[in-house]
Structure formats: structure tokens, C-alpha cells
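Results of the structural survey
If you want the building blocks of each chain, they are given just below.
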Amino acid sequence: MDYTLKEMMTIVAAREIRNNDIVFCGTGISMLAAMAAKNINAPQSVIFFETGAIDSKLEDLPLAVGDSRVMYYSSSNGGLLDSFATMQNRVTAKHIVGILGAAQIDIYGNLNSTVIGDYHEPDVRFSGSGGACDVASFVSRSIIFMKQEKRKFKIQLDYLTSPGYLDGPDGREKAGLPEGGPHRVITDMGIMGFDELSKQMFLKGYYPGIIPDKILENMEFEIDTSRAEEVPAPTSNELELLREKCDPHRLIL
Amino acid sequence: MDYTLKEMMTIVAAREIRNNDIVFCGTGISMLAAMAAKNINAPQSVIFFETGAIDSKLEDLPLAVGDSRVMYYSSSNGGLLDSFATMQNRVTAKHIVGILGAAQIDIYGNLNSTVIGDYHEPDVRFSGSGGACDVASFVSRSIIFMKQEKRKFKIQLDYLTSPGYLDGPDGREKAGLPEGGPHRVITDMGIMGFDELSKQMFLKGYYPGIIPDKILENMEFEIDTSRAEEVPAPTSNELELLREKCDPHRLIL
Amino acid sequence: MEINGNKVIDLKDAISTHIKNGCHLSIGGFTINRNPMAAVYEIIRQGIKDIHLYAHSNGQGVDELVGAGSVSCLEIAYGGSGKFASTCIRFRKAVQEKKIKVEDYSNYQMTLRFLAGAMGIPFLPTRSSLGTDIVKIWGFPAEFRQENSRVPDSKLIELDNPFGTWCDTKKVVLVPAINPDVTIIHVQKADFRGNCRIDGLTFADVEQAKAAKILIITCEELVANDDLKNEPDRNQIPFIHASAVIHIPYGAYPTACYRYYDYDPVYLKEYAEKAKNDKQYYLYIKDTILKYLTHKDLLDSIGRERLEMISADKNLGYAKNLDRR
Amino acid sequence: MEINGNKVIDLKDAISTHIKNGCHLSIGGFTINRNPMAAVYEIIRQGIKDIHLYAHSNGQGVDELVGAGSVSCLEIAYGGSGKFASTCIRFRKAVQEKKIKVEDYSNYQMTLRFLAGAMGIPFLPTRSSLGTDIVKIWGFPAEFRQENSRVPDSKLIELDNPFGTWCDTKKVVLVPAINPDVTIIHVQKADFRGNCRIDGLTFADVEQAKAAKILIITCEELVANDDLKNEPDRNQIPFIHASAVIHIPYGAYPTACYRYYDYDPVYLKEYAEKAKNDKQYYLYIKDTILKYLTHKDLLDSIGRERLEMISADKNLGYAKNLDRR
């Protein structure tokens with residue numbers, strides 16, 4: 001069955017979500033991945049927005065986390081204070097998985113979504129943290145969407161917006177951050193994990209038709225590829241549910 | 001017209017409340033004074049409870065600030081966080097007058113509502129601060145109900161629960177408290193103010209039939225009585241409104 | 001914990017599973033309103049001891065737990081029940097007789113402590129209590145604090161404003177977070193997953209609920225999930241915080257539950273009377289609490305007439321012509 | 001301010017009275033929802049300059065104010081409008097061309113800053129951003145901060161936990177309070193005194209409202225005081241915080257207002273297109289904003305059909321079959 005790279009990425013992310021997870025998601029593909037998980041493999045997972053809505057029905061795909069579509073038929077409509085407190089609270093945080101995106105990532109999963117170039121003389125300005133820094137600081141694990149490009153997988157970030165493991169295995173602890181940190185990076189070529197000991201990124205899987213070297217070519221830093229396996233293509237069932245239930249109007253896909 | 005001392009005290013307090021005041025009140029005579037002001041001399045004043053209700057209709061007299069009667073037909077029902085933030089917020093605090101009571105008071109209007117005797121070996125334990133310390137810390141002026149007894153007007157409090165002017169004119173500033181502080185003390189014999197410069201209590205008025213010396217006899221410390229005048233007795237109109245509109249069932253009176 | 005499962009359970013099981021001797025407990029409500037009384041009585045029936053109890057101005061529930069000897073440590077702002085007992089009587093006795101350790105805070109401070117717990121941070125700042133004995137005098141001795149990892153080493157800490165004089169503030173008091181093992185609240189409506197809807201004032205129930213490791217909810221009505229999701233703006237506590245849901249009509253009795261029933265002035269006055277005398281009070285515990293197996297049995301002994309007397313006017317939310325003298 | 005008076009006023013008067021060149025302003029809403037757009041357009045029409053603007057993720061309103069040249073300083077967490085502009089285009093341009101000074105925080109930090117302002121304290125703590133450039137890199141130079149009494153001397157301050165390791169926390173970041181001169185929010189319902197009822201998510205509007213010295217409320221419906229007091233649990237902002245109330249149907253247009261109307265995808269897409277080109281954008285300001293005297297005139301030019309297209313389904317709260325591609 002034919003599928004696009006965006007569909008592949010969405011489904012690979014969805015597969016990482018389990019029943020009993022509370023899924024924090026932002027706008028775009030991250031929201032779609034959360035919806036896909038709920039419709040495909042983790043029907044008991046709970047979707048949760050930084051704007052304060054939890055367990056929204058999502059009859060229609062929201063185009064922003066502030067979209068009125070997140071407010072309909074939720075379990076509770078609060079505000080930003082409620083949602084971020086739920087992430088910072090250790091009792092609830094341990095159930096929360098965050099889905100993020102960024103302009104740059106480094107080997108420890110630190111993210112930049114603020115500027116390219118010098119902060120004070122930026123070549124390109126992006127939206128900034130939004131809730132990303134909060135999510136990355138608080139939640140027990142996060143999934144990061146990235147485009148597989150050399151300028152995006154950087155040895156040195158131009159600006160560290162959202163903390164991964166900072167400078168190594170005890171980076172978060174030294175800085176005073178709660179436990180947790182990046183769990184997966186999902187690109188248009190493969191999927192990365194983080195080594196339990198070194199907390200460095202490693203290649204976990206490559207998509208059908210992609211070889212690990214191709215992925216390495218599209219990164220500034222090198223990662224271990226010895227544990228990589230081919231990622232199964234989306235099944236027809238996965239694709240059907242994604243296309244028909246989650247984004248029938250092709251707003252994101 | 002005949003009146004009780006409790007009625008006199010209530011009305012003397014009510015007269016201190018002005019239109020455009022937001023009146024914080026506790027249980028009992030303090031709530032009754034706020035209702036009396038609203039029904040007699042300050043119809044535009046707003047009653048406000050630490051439990052989170054503001055501008056309640058008060059069709060029936062509440063017997064506690066947590067009484068369901070404060071929840072009916074208010075402008076907003078929040079919680080304790082809302083009410084105390086409103087008092088701590090300098091924009092709103094400057095409109096708020098607090099009405100308090102205590103077991104002991106000193107010459108600077110500091111209050112004890114916690115223990116008689118040593119804190120660790122108490123002779124008598126009282127309820128404790130509740131919101132009193134918060135109100136006394138935050139609001140621009142407060143009115144304090146006291147019984148005129150030597151053991152209650154103390155040179156040295158057994159425990160300082162709620163701050164008045166602490167140890168003198170710059171006491172609050174040195175301690176880091178916001179401006180504000182006690183404005184009136186209303187007893188069963190008279191009414192006291194606080195000197196603008198010394199911040200010490202002085203006698204402002206004595207009730208009909210009471211002489212200033214009688215008041216001094218019932219205090220451990222001495223206060224200036226040179227500015228004292230006789231306080232007018234409650235008018236028949238005041239008494240009628242108090243009895244019929246505020247407490248027809250004689251729950252407090 | 002299953003985030004998403006059916007959390008409906010029997011009160012006896014909920015209490016015996018979650019409330020252990022020595023546990024750190026917080027109960028919701030304010031003075032004579034929405035105290036989780038059915039749960040309080042069940043704790044007394046199960047003879048649980050040595051509870052470290054947190055409340056702001058809980059009133060009736062605190063006084064009964066203290067009176068029954070279930071409490072060893074109490075952190076509180078106010079021990080009173082409005083007109084029925086300006087100082088709670090068993091609380092006063094227990095403190096005067098040094099049967100419990102007490103730590104005094106203000107209402108706002110206790111509420112901020114629950115909020116800090118709910119927010120997952122170690123403290124929050126306030127300007128309340130600067131210059132008072134609430135800051136200077138500690139009820140729990142410093143050694144007790146140091147030996148006991150479940151209480152912070154300091155009661156309160158004064159801090160010079162690190163932002164200079166920003167907000168015209170030189171100094172603040174930091175209050176330490178509370179994270180109880182268990183919080184129990186009583187609400188008007190809940191569903192099987194633990195979504196809650198509170199009518200009227202929430203007091204500090206929401207913060208207490210979210211600060212706890214385990215949240216036990218008793219409710220007047222157990223409603224369908226759809227009934228709550230229909231109006232999400234009115235649901236203050238989402239199910240992700242909940243561990244147990246128990247359906248107990250009149251679960252706050254003898255305290256009030258807005259829109260359902262008023263406090264019972266007959267019960268509260270009799271209680272205050274009996275509380276003054278040790279012998280009478282032990283008889284009260286024996287004959288009014290321990291004698292009955294469940295809250296329903298206790299309510300049956302009160303009788304339908306009394307419950308009708310306090311039943312709330314639909315519009316006002318309390319009993320209109322209740323004799324409260 | 002009269003706490004209790006009739007605060008209903010015309011938008012032009014409200015803006016000219018309260019919004020001055022150089023004032024510190026905060027606007028409510030989130031990305032493409034409940035931005036106070038009528039007020040934003042009026043600010044642009046009145047040519048107010050040099051605004052110090054605060055928002056978390058406001059999106060459209062911030063971008064238009066920045067684009068029109070009304071803003072000199074911006075403290076913000078996120079400059080994006082969802083799918084319509086993942087980075088707001090005029091915001092990006094202004095930063096890249098160094099036309100505005102920017103200070104970056106996270107969404108939670110900005111929200112906590114408003115909360116601290118509302119609570120009357122100088123700062124609040126969080127564990128967010130430890131180890132990041134949000135802490136290390138300051139957008140406003142230290143000298144600017146020291147010279148300007150309206151901004152705190154520090155962007156953020158790290159503090160070792162004064163309670164040791166209480167709550168398993170070694171360190172926190174303190175965020176300084178914001179007390180804007182003026183906050184403008186758009187709500188579904190308000191009364192003449194300024195009581196507000198927001199349907200759906202409140203975002204950080206309540207905190208922004210209570211942090212300000214002056215609160216301007218625009219509302220879809222101006223309702224009777226009784227209509228709000230009937231259900232006080234649903235009124236998030238009591239009148240004591242309000243200075244001005246303005247009745248403006250479609251006051252959030254082209255952003256959404258839950259239960260009333262959706263965002264207008266046609267407008268937002270055209271806007272994003274025009275924003276990419278300076279000349280086109282100046283024409284947009286001239287022909288879409290400055291050309292009309294009032295928001296109603298602007299809406300008339302959009303036409304009834306477009307407004308019907310975005311009108312909300314009663315049950316869902318948004319426009320069911322809106323073409324959003």
C-alpha cells in the first residue's frame with residue numbers, strides 16, 4: 001500500500017504511545033500522532049493540551065492547541081496553569097508523554113525552536129518555546145519529530161530552548177531538572193532512541209528503502225547504528241484509520 | 001430606644017464602612033456588621049468571604065464563612081486561592097477593609113487568636129489564625145472587634161497571630177509587610193483609632209453612659225483619651241434595619 | 001494506578017486499602033460544609049491511628065478525627081466550626097492536654113502549601129505573616145522535623161526579594177509544599193473514572209486533590225461520564241488525579257453540601273454539647289459512630305424527618321427555613 | 001476607580017483613555033482563539049506607539065500589533081498562529097530586522113508571571129527551563145533592565161531550594177511578576193459592572209486580567225447582572241477587577257470565540273499571504289484596518305456570508321463543516 005513519509009512518521013510515533021499514557025501534544029503532526037494512537041493502538045490513552053483541555057473528543061482535527069475543537073466534550077476545561085501544573089506534578093508527570101518538534105536537535109536530545117544564528121542577530125527567528133521547554137523539563141518521556149537534515153541535527157545548537165539530557169547522563173540532575181527526558185526522535189528516514197547509560201542518541205530503526213548511512217549523511221554528528229532494524233511500513237489498517245478517522249480532510253497529511 | 005451592646009457594636013462598625021469599600025468578613029458579629037453597613041449606610045459596599053464568594057446576596061445570615069448561604073447569587077464563586085490573592089494584590093487590596101476579632105490585642109493593634117499562655121503549654125487554645133493573619137497582613141485597613149477586658153488589652157501578647165503595626169510606626173515596613181494596618185477597634189464600651197504618627201491606639205469615642213476612665217480600667221496598657229467624644233447611640237432607623245433585615249431570627253444578636 | 005479504569009469502590013475497601021496507621025492525610029471542605037464525613041466516620045470505625053492530618057479550616061471533620069484519637073500530628077490554620085464551636089472543642093482539649101502535635105499556619109498559607117504540592121514545586125511565596133509568631137514559633141520541634149523525612153526541615157522561611165524591590169516588596173515568606181499520601185474530598189457529582197464536579201465554592205479542595213498521591217472521592221451522585229463531559233467547564237478535577245470513587249448520598253452529613261442539603265444544626269449542637277465532656281464524648285463515639293456499620297445505618301438512625309428538614313431548596317441551595325438557633 | 005459603577009463605554013473611548021504611547025499592555029487569548037481583535041485594530045487605528053507588550057502564545061493579536069509598528073518591546077513565549085503561520089510572519093520579520101526588543105520565556109513561565117502579578121507577589125518558582133538558554137540568554141540587556149523601572153532587574157533567577165531537598169528538588173527558577181498597566185480580554189458574556197463569564201478554555205486570561213492595573217473587557221454579549229449571578233460558579237472574573245466593559249459582537253474576529261464563531265480561515269490565510277510582503281502588508285493595514293472607523297465597518301466589509309460560514313454549531317461550539325484547507 002502506498003503511503004507518504006508524513007503518514008509513516010505519524011504512525012511510527014503513534015506506535016510509541018501506550019494505553020494508560022497521557023499524551024501531551026502540540027499543533028500539526030504531533031496532534032495527529034496522538035489521535036492516531038487513540039484510534040489505532042492505544043484507545044485508552046488520554047490526549048491533553050497545554051491550553052488546559054484534557055481528554056477532548058476531537059470530532060474534528062484542531063489546527064492549533066487553542067482551537068475551539070479541543071474544548072468540545074473534554075473531561076475538564078481549565079487553563080494553562082492547570083495543564084502545566086499537571087506536567088510538573090510528579091504523580092501525574094510519570095504518566096505523561098510529550099510530543100514535540102524543533103528546528104534543531106543535538107546528540108543529547110536538546111532542542112532549539114527559537115533562532116538560527118545569534119540570538120541577538122538572528123538569521124531566522126522561530127516561534128520560540130511556547131510550552132515546549134516546559135514539557136521537555138517536566139514529563140517522563142518525550143517523542144520528538146524532526147526532519148532528517150544536516151542543518152537540523154547539530155553538534156552545537158544555536159539556542160537551547162528545551163532541555164534533553166543537556167550535557168550527558170547526569171546533565172538533568174546537575175541542572176536541577178526532574179527525571180525524564182527524550183525517548184524517541186522520529187524523522188522522515190528513521191527512528192532514534194537514547195542510550196540508557198550515555199544518554200546519547202542512537203539509531204533504532206530505518207524506514208523501508210532507507211539505509212543507516214543515508215541517515216548519518218543527514219546529520220552533523222555521528223550516532224551508533226549497530227542496534228538499528230528496519231521499521232515495518234504502515235499496515236493498511238493503520239493507514240485507513242489514520243486517513244479516515246483522524247484527518248479525512250487532509251488538513252495535516 | 002433600647003438597644004443591646006452587641007447592637008451598638010455592630011452599628012458602630014457598620015458606620016465605618018463606606019460605599020466603594022470591599023468588606024472582608026468572618027463569622028458572627030463581623031458578618032453582621034458588613035450586612036448592616038450594606039443595609040444602612042453603604043449600600044454600594046461589596047461583601048467578600050475568604051472562602052471565595054464575592055458580593056453574595058445573603059438572603060439569610062450565614063453561620064460560618066463556609067456556609068452555603070454565602071454561595072447563593074454571588075458575583076463569582078471561587079476558592080480560597082482567589083480570595084486571598086485579591087487581598088494580597090495591591091490594586092484590589094486598597095479597596096478592602098477587613099473585619100476581625102481576637103482574644104488579645106496590644107497597643108499597636110497586633111492580635112492573638114491562637115493561645116493564652118505558652119504556645120507549647122497552652123492554658124487555653126483558640127481556633128488559630130484562619131484567614132486573620134492573611135487579612136491583617138494584606139488589606140489597607142481593618143476593623144477589630146474586642147471585648148473591653150483587662151486580660152484582652154495586653155501590654156504583651158501571648159502569641160502574635162495577626163500583624164497590626166508590630167513594634168511601631170515603621171514596624172510593618174521593617175518586617176516587609178505591605179502598607180495598611182488596623183484602623184479601628186470596636187469594643188462594648190467605645191471605639192479606638194490609631195495615631196497617624198505613633199501608630200499607637202487612642203480612644204476615639206465612648207458609648208453613652210460610659211466614661212473614658214472606665215475604658216482605661218479595662219485595659220492593661222494606657223491610651224490617649226484626649227480626642228475622645230461620645231459616640232451617638234444607634235438611631236431607631238439603624239436598629240430597625242439591623243434587626244429586621246440582617247438578623248430577624250436573632251442568630252447572632 | 002490505572003489512569004483510565006473504573007474506580008468505583010466500596011467505602012470500607014477504599015479506607016482500608018489507602019488509609020494506614022501513620023499515613024499523611026488531607027481532608028477537604030470548610031468548617032461546616034462539604035467535609036467528607038462518611039469517610040471520616042469510616043476511618044474512626046476502622047480504628048486507624050497516628051494520622052498526620054492536614055487541613056486549612058476544615059472544622060467538623062478534623063475535630064471528630066482528633067476527638068476519636070486517630071490523629072497524632074496536625075497542620076492547620078483554623079480549628080473552628082462557625083457558630084457551633086468558635087474553637088472546635090475536642091481539638092482545643094487535645095492541644096491543651098498535649099495529646100497531639102500542632103503546627104499553625106494561616107488559611108492562605110495552608111492553601112498555598114496544597115497548591116505547591118499540586119504544582120510539583122517545593123514552596124510558594126506570600127507576604128502573609130511577616131513579623132508574626134506564625135513565622136517565629138514552631139509547633140513541631142526542629143529535631144522532629146529533621147528526623148522525619150515526611151515533614152520539611154523548616155516550618156517557614158523568610159527570603160529577601162531576589163528581584164530587589166520588584167513589586168515594591170522587600171521580603172516574602174516561603175511556605176513548604178504538602179504532598180499528602182491521601183486526600184479525601186466530598187463532591188456533588190463524579191463519574192466512574194473520577195471526573196468531579198463541585199457546585200458552589202471549591203474552597204481548597206482542588207489543590208488538596210491534586211497535591212495527593214492518592215485521591216479518594218466520595219460523591220452525592222455517581223453520574224454517567226457523558227453527563228460530565230457535556231459541560232467540561234464545570235468539572236474542576238479531571239479523572240487523571242483520581243484513585244477511588246465512592247457513591248455515598250449524604251456523605252458530608254452532618255456538614256452541608258450545596259444544592260443537596262444543609263448542615264444539621266441539631267446534630268452539630270448536640271455534638272458541641274457532648275464534646276465538652278469526655279465521658280459523654282466517648283458515648284457519642286460508641287453510640288453514634290462505632291455502633292453503625294455504615295454511613296447509611298447512621299443516617300437511618302437520624303431518620304428521614306431530620307434529613308428532610310435539611311434538604312436544600314432547589315433555587316437557594318440550602319434549607320430555606322431551617323431553625324438554626 | 002468606582003468598584004461598583006456602570007463601566008460600559010465605547011471602544012474608541014476605552015482605548016484612547018487607557019492605552020497610551022509607551023504603556024505596558026497585555027492581551028488575552030491563545031493563537032487563533034479569543035484574541036481581543038476589535039481592540040487590537042482600534043489601537044492600530046489610533047496610532048498608538050511604543051507599547052511594551054506581554055503575551056504567552058497570543059498569535060494573531062501580537063502579530064498585528066507588531067506588524068503595525070505599535071510595539072517596541074515584547075515579552076512572549078510563542079509567536080505562532082497554528083497551521084496558519086507556525087511562526088507569525090510580521091513578528092519574525094520585526095525580530096530579524098531588530099525593530100523590536102524581545103524577551104523569551106516559556107508558556108508556563110509567562111502564565112506564572114501573570115499569576116504572580118495577580119497574586120500580588122514579586123515572583124513564582126518553577127522547575128522549567130533549568131539548564132537552557134531561556135535562563136542563560138537575556139533579550140533585554142542588563143542596562144536596559146536597570147534603567148527601566150518598569151521591568152525587573154533580572155530576567156529569571158535560579159535559586160537553590162531553601163527547604164533542602166524537599167519535594168526532591170534541588171533548584172528552581174524564579175520568574176518575575178508582571179503587572180501591566182492594562183490588560184484587554186475578549187469574553188463571551190459580561191455585565192455592566194464587569195463580571196465576566198468565559199466559555200471553554202480560559203487560557204491565562206483570568207491571571208492576565210487580575211494582574212493589571214486597568215482591565216478592559218470586550219464581550220460578545222452584554223447581559224444583565226442577574227443573568228450572571230444566577231450561576232456564579234461559571235463567572236471567572238468578578239467585577240472588582242474591571243475598569244471598562246465594551247459590547248462588541250465578533251470582537252475576536254478573525255480569531256475564534258467558542259460557542260459563538262470559529263476563526264475565519266479565509267482571512268487568516270490571506271493575512272499570512274500579505275504578511276510575507278511589506279508592500280502588501282502596508283496595503284492590508286491601510287485597506288482593511290485604517291480604512292474603517294469601527295470594527296462593525298470592518299465586519300460589514302467582510303460580509304454576512306463569511307460570518308455565517310464561521311458561525312458556531314450550538315452543540316459543538318465551532319463551525320462544523322468549515323473548509324479549513
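So, a few notes on the structure that sits alongside this text.

Conventions we followed
Residues numbered from 1 in each chain as written. Chains lettered and ligands numbered in written order. Predicted model: local features only at pLDDT ≥ 70, side-chain atom pairs only at ≥ 80, totals over all residues. Heavy atoms only, no water. Phe/Tyr/Trp six-rings, centres within 6.5 Å; stacked < 30°, edge-to-face > 60°. Helix = DSSP H or I, 4+ residues; strand = E, 2+ residues; numbered from the N terminus. Buried < 20%, exposed > 50% of the residue type's maximum accessible area, 1.4 Å probe, protein only. Contact = heavy atoms within 4.5 Å. Buried area = accessible area lost by both parts, 1.4 Å probe. Salt bridge = Lys/Arg side-chain N within 4 Å of Asp/Glu carboxyl O. Polar contact = N/O pair within 3.5 Å; in protein donor to acceptor, adjacent residues only side chain to side chain.

**Some remarks on the packing of aromatic side chains**
Residue and element names in this part refer to chain D. Counted according to the given criterion, the structure contains 32 aromatic pairs over all chains. Seen from their ring centres, phenylalanine 84 and tyrosine 263 are 5.6 Å apart, and the 70° between their planes marks the pair as edge-to-face. Note that phenylalanine 84 is positioned in the loop between strand S3 (71–76) and helix H4 (89–96) and tyrosine 263 in the loop between strand S11 (244–247) and helix H10 (265–275), a separation of 179 residues in sequence. Take phenylalanine 84: its relative accessible area is 12%, and that puts it in the buried class. With centroids separated by 5.2 Å and ring planes inclined at 70°, the aromatic side chains of phenylalanine 140 and phenylalanine 144 adopt a geometry described as edge-to-face.

**Concerning the interface of chain D and chain A**
Across the contact, 65 residues belong to chain D and 60 residues belong to chain A. Here chain D and chain A share an interface that buries about 4900 Å² over both sides, 56% of which is from carbon and sulfur atoms. Considering only the surface of chain D that becomes buried against chain A, Tyr108, Leu201 and Arg324 of chain D emerge as the three largest contributors, covering 15% of it. There are six salt bridges connecting chain D and chain A. Between arginine 324 of chain D and aspartate 67 of chain A there is a salt bridge, with the nearest N and O atoms lying 3.7 Å from each other.

**Some words on the interface of chain C and chain B**
With 65 residues of chain C at the contact, the number on the chain B side is 60 residues. A combined buried area of about 4900 Å² lies between chain C and chain B, and 57% of that area is made up of carbon and sulfur atoms. Counting the contacts that link chain C with chain B gives six salt bridges. A salt bridge links lysine 98 of chain C to glutamate 121 of chain B; the shortest N-O distance between them is 2.8 Å. There are 37 residue pairs in polar contact (both at pLDDT 80 or more) connecting chain C and chain B. Looking at the side of chain C that touches chain B, the elements that each hand over two or more residues are helix H4 (89–96), strand S4 (101–104), helix H5 (107–119) and helix H6 (133–136) of chain C. By residue number, the principal contributor to the side of chain C that touches chain B is H5 of chain C, which donates six residues.

**Examining the pattern of salt bridges**
Scanning all chains against the criterion turns up 82 salt bridges over all chains. Note that glutamate 7 of chain B and arginine 243 of chain B form a salt bridge whose closest N and O atoms lie 2.7 Å from each other. Pair noted here: glutamate 7 of chain B is in helix H1 (residues 5–15) and arginine 243 of chain B is in helix H8 (residues 236–246), with a separation of 236 residues, a long-range link. The burial state of glutamate 7 of chain B is the same as that of arginine 243 of chain B; both residues are buried. As a salt-bridge pair, glutamate 173 of chain B and lysine 170 of chain C come within 2.9 Å of each other at their nearest N and O atoms. Here lysine 170 of chain C lies in the loop between strand S6 (157–160) and strand S7 (171–176) and glutamate 173 of chain B lies in helix H6 (residues 171–175), a pairing that spans two chains. The class for glutamate 173 of chain B is exposed, based on a relative accessible area of 52%. Through salt bridges with shared partners, one network takes in Asp67 and Arg69 of chain A together with Asp262 and Arg324 of chain D.

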